[in-house]
Structures are given as structure tokens and as C-alpha cells.
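Chains, contacts and geometry: an overview
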Amino acid sequence: MLSERRLEVLRAIVQDYVGTEEPVGSKALTQRHKLGVSPATVRNDMAALEDEGFIAQPHTSAGRIPTDKGYRLFVDKLAGVKPLSSPERRAIQNFLDGAVDLDDVVGRTVRLLAQLTRQVAVVQYPSLTRSTVRHVELLSMAPARLMLVLITDTGRVEQRMVDCPAPFGETSLADLRARLNSRVVGRRFTDVPQLVQDLPESFEQEDRGTVSTVLSVLLETLVEETEERLMIGGTANLTRFGHDFPLTIRPVLEALEEQVVLLKLLGEAKDSGMTVRIGHENAHEGLTSTSVVAVGYGSGDEAVAKLGVVGPTRMDYPGTMGAVRAVARYVGQILAES
């Protein structure tokens, strides 16, 4: 284990390197930080940190920079994340409050995260496998044509046209709407097939074909919508960090184009806590020079999806973690109120 003093020296190195982009020397450290020890002691501490792999010497420069292992320890030992200022919090709330539907919420969240952190923002749409049904609406469009509207607890709205095998009257339609909602409202998508399987048998013989058709369209909609979707924004921010990537930012950009890679990066939505993956902790080789900060969001206690940012390992971790957490909290509130 590192002594508290060496940890303090490591913290100072991380803060200075993130702030200045320059390798950090012992003299600069003692001038900028109240470490309470002589430059010679700081030099010894830096030598020990280098021996243990927490900092490294890039090329022939006199200074040192943190390694992935050094950033990892810095993040693990963070006393707290940097809270947002009141104006920042108000700006987030006002910006997100203007959203008109789920697509707009996700789009605004991506733009906001990219602006706040000046990194690449990734937001996963609420996963319907963890969603529940808020309401199913059935509307008559023609004697044998209906519109089915599925509304989820996360504010997602899906519409499908249903061609019925025979004309279906308003009375039968109202009856089906009521019975269907009494079974599925508040229930998880995964439970719906079992809840409705015997519904056609409770109708008159001449209506059963239409009821079965409506149910098959509903179940197809549930299956289609469990596809995971993502929105990404702020990739142009990476160009500001060109020198933070060993050769070129191309491998990073290519990795960010792969949805499967991004979903893996964000991790399982059910792990709603803050995750920080640094450098080589990211399995995809295009992303070994990046860090990913992600957290779950949702209405109530359960996370329905993840959001986060991708940037160089030389990242303001306390500030980024604070921004990601605050945005996730506001998005969760909007989903709960929608």
C-alpha cells in the first residue's frame, strides 16, 4: 500500500498533468502544492511511484506522467466527485425540461454531456427488456383496420397498423382495450406473452381472429423494441486531444462507430453505479488510450439504461464523474415525470 504522503504526491501529479498537459517535475510540484516536504523527498517519492508503475517518464523529458495504474489509484482514492455549480445545474434542468419526447431527451442528453465534459458522449436508450407497459391504445382507422399504440414507463411510444381478418366494431374494440390493459399495465415486457395467451378464448367466436391478430402485432412490437439503441455525440471533441493518443485518433473513432463495442463499454444497465474504465482496462484495442466514465439512469431506483463519456486517459476525473452523475439524475427525474 502507498503511504498517504506518496498518494498525495500522485494526486498532485495527476492534477498538474491533467491541467497543464506537461510532464510534471519535482520542483514544479513543490512550488504548486503544499506537500510539506523538501523537493528531495518529493523526488524520492516520485522514484518510488515510478518503481511501482504508478507514473512513468515519457521519452527524455525531465518530468513524469501518470500511467493507467496511477489514474486507477487516483480514481479509487477520490474523496468525492466535483459538484456542479448552481448555474450549471439550472442550465441542465432548463435544457432537459424542454424535451418533447424520448428521442429529444436522449438527443439533448448527448449534446449536454458532450458540452459539459468536452468529451465524446454516449447515451443508451432505455432498454425495453427492463421496461413496463404504461398503456396500450387501440384506435379504429377503418372497419377492418386498427392502430395499436404502445406506451412504456420510460416514455417510449410505438405505433403499429393492424389489418384485421374481419370488421371489428367500436364496442368490441373498447372491450379488448379494457381487458388488454387490465392484464398488461404495469407489467414487464417479458411477462406480457404469458399474461395475454388465453385472452382470445374469452371473446366471442367471430372476434377471436382479430383479437389474436392484435396480440401477435403487440408481441412482435415488444420483441422488435428490445433491440438496444444508442446515440453518440461530441466526437469532434477528440480532435482537441490529438497528442493524447499514441499515433492517431483513427482507432478510437473506428471503435466508436461499432455499436456492440459501445454497449460493452457502458456495461450492463443493471449495474447502475458509477464505473470508470481506464486505458488498458478497456478490452477493445482501439480504446486502450481512452477512459470511459459511465453510470446507470432510470425512473425510480432501477436503472433502465446507461450513459457516459469517452475521452483520453488524461481526464479531469472528479469533474467528469460529477457531470455524468448529475446528468443521469436529471434524466431519471424527467423519465419519472413523463
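As shown above, the structure is provided for reference.
The residue numbering used here restarts from 1 in each chain and proceeds along that chain's sequence as written. The predicted nature of this model means local features are confined to residues of pLDDT at least 70 and side-chain atom pairs, given and counted, to a pLDDT of 80 or more, with totals for whole chains, interfaces and linings taken over all residues. Note that the side-chain values use all heavy atoms of the structure and ignore hydrogens as well as water.

Observations concerning helix 11 (residues 259–266)
Considered for burial, the residues of helix 11 that qualify are V261, L262, L265 and L266. Each buried residue of helix 11 sits inside an arc of 130° when the element is viewed along its axis, so together they form one side. Opposite the buried face of helix 11, at more than 90 degrees from it, the exposed residues are V260 and K264. On its buried face, helix 11 is in contact with strand 3 (120–124), strand 7 (230–233), helix 10 (250–256), strand 8 (275–278), strand 9 (290–297) and strand 10 (305–312). Within two residues after helix 11, G267 carries a phi angle of roughly 85°, on the positive side. Here's how the labels work: a residue is buried when its accessible area is under 20% of the maximum for its type, exposed when over 50%, partly exposed in between, all with a 1.4 Å probe on protein chains only. Strands here are runs of E lasting at least two residues and helices are runs of H or I lasting at least four, both read from the DSSP assignment and numbered beginning at the N terminus. What the arc covers is the set of directions going from the helix axis to the C-beta atoms. Any two residues whose heavy atoms approach within 4.5 Å at even a single point are treated as in contact.

Description of the packing of helix 1 (residues 4–20) against helix 4 (residues 68–76)
Two elements in contact, helix 1 and helix 4, have axes separated by 10 Å at closest approach and are oriented at 110°. Considering the angle they form, helix 1 stands roughly perpendicular to helix 4. Residues L7, L10, R11, V14, Y17 and V18 of helix 1 lie in contact with helix 4, whose contacting residues are G70, Y71, L73 and F74. For this classification, the nonpolar set comprises Ala, Val, Leu, Ile, Met, Phe, Trp, Tyr, Cys and Pro, the charged set comprises Asp, Glu, Lys and Arg, and every other residue, Gly included, is treated as polar. A class-by-class count of the residues in the contact of helix 1 with helix 4 yields 8 nonpolar, 1 polar and 1 charged. Only the stretch in contact is used when a helix axis is fitted, and all axes are lines through C-alpha atoms; the angle between N-to-C directions ranges over 0 to 180 degrees. Angle categories are assigned with fixed cut-offs, so that under 35 degrees is roughly parallel, over 145 is roughly antiparallel, 65 to 115 is roughly perpendicular, and the rest are oblique.

Quick notes on the pattern of salt bridges
Pairs may arise between side chains of opposite charge once their charged atoms sit close together. Each reported salt bridge corresponds to a side-chain nitrogen of Lys or Arg within 4 Å of a carboxyl oxygen of Asp or Glu. Per the counting criterion, the structure on display carries 17 salt bridges. Where R177 meets E137, a salt bridge forms, and the shortest distance between an N and an O atom there is 2.7 Å. Of this pair, R177 sits in helix 7 (residues 170–184) while E137 sits in strand 4 (residues 133–142); the two residues are 40 residues apart in sequence, bridging distant segments of the chain. Residues joined in a network through salt bridges with shared partners are E4, E8 and R11.

Topic: the layout of surface pockets
For the second largest pocket, the calculated volume is near 390 Å³. Around the second largest pocket sit 19 residues that line it, and L116, T117, Q119, D316 and T320 are the ones nearest its centre. Elements that contribute at least two residues to the lining of the second largest pocket include exactly helix 1, helix 6 (102–117) and helix 12 (317–337). Looking at the lining of the second largest pocket, the element that brings in the most residues is helix 12, giving 3 residues. When the residues that make up the lining of the second largest pocket are grouped by side-chain class, the tally is 7 nonpolar, 5 polar and 7 charged. Lining residues are defined by having an atom within 4 Å of a point belonging to a cavity or pocket. Those points lie on a 1 Å grid over the protein atoms alone, cavities being sets where a 1.4 Å probe fits but cannot get out and pockets being open sets with protein on both sides within 12 Å along at least five of seven lines. Grid points are joined across faces, edges and corners, and a volume is the space filled by probe spheres set on the points.

Brief notes about the sheet that holds strand 8
In sheet architecture, strand pairing relies on hydrogen bonds along the backbone and comes in two forms, parallel and antiparallel. Taken together, the 5 strands give an open sheet; going across it, the order is 7-3-10-9-8, and neighbouring strands pair in antiparallel fashion. Of all the strands in the sheet, the pair left with one neighbour each is strand 7 and strand 8. Put simply, the sheet's adjacent strands are angled 15° from each other on average, direction ignored. Direction of pairing for strand 3 relative to strand 10: antiparallel, over a ladder of 4 bridges. Residue pairing across strands places V120 opposite V310, the latter belonging to strand 10. Sitting on the sheet, helix 12 is in contact with strand 8, strand 9 and strand 10, with an inclination near 25° to strand 9. Pairing between strands is defined by DSSP: at least two bridges between the two strands are required.

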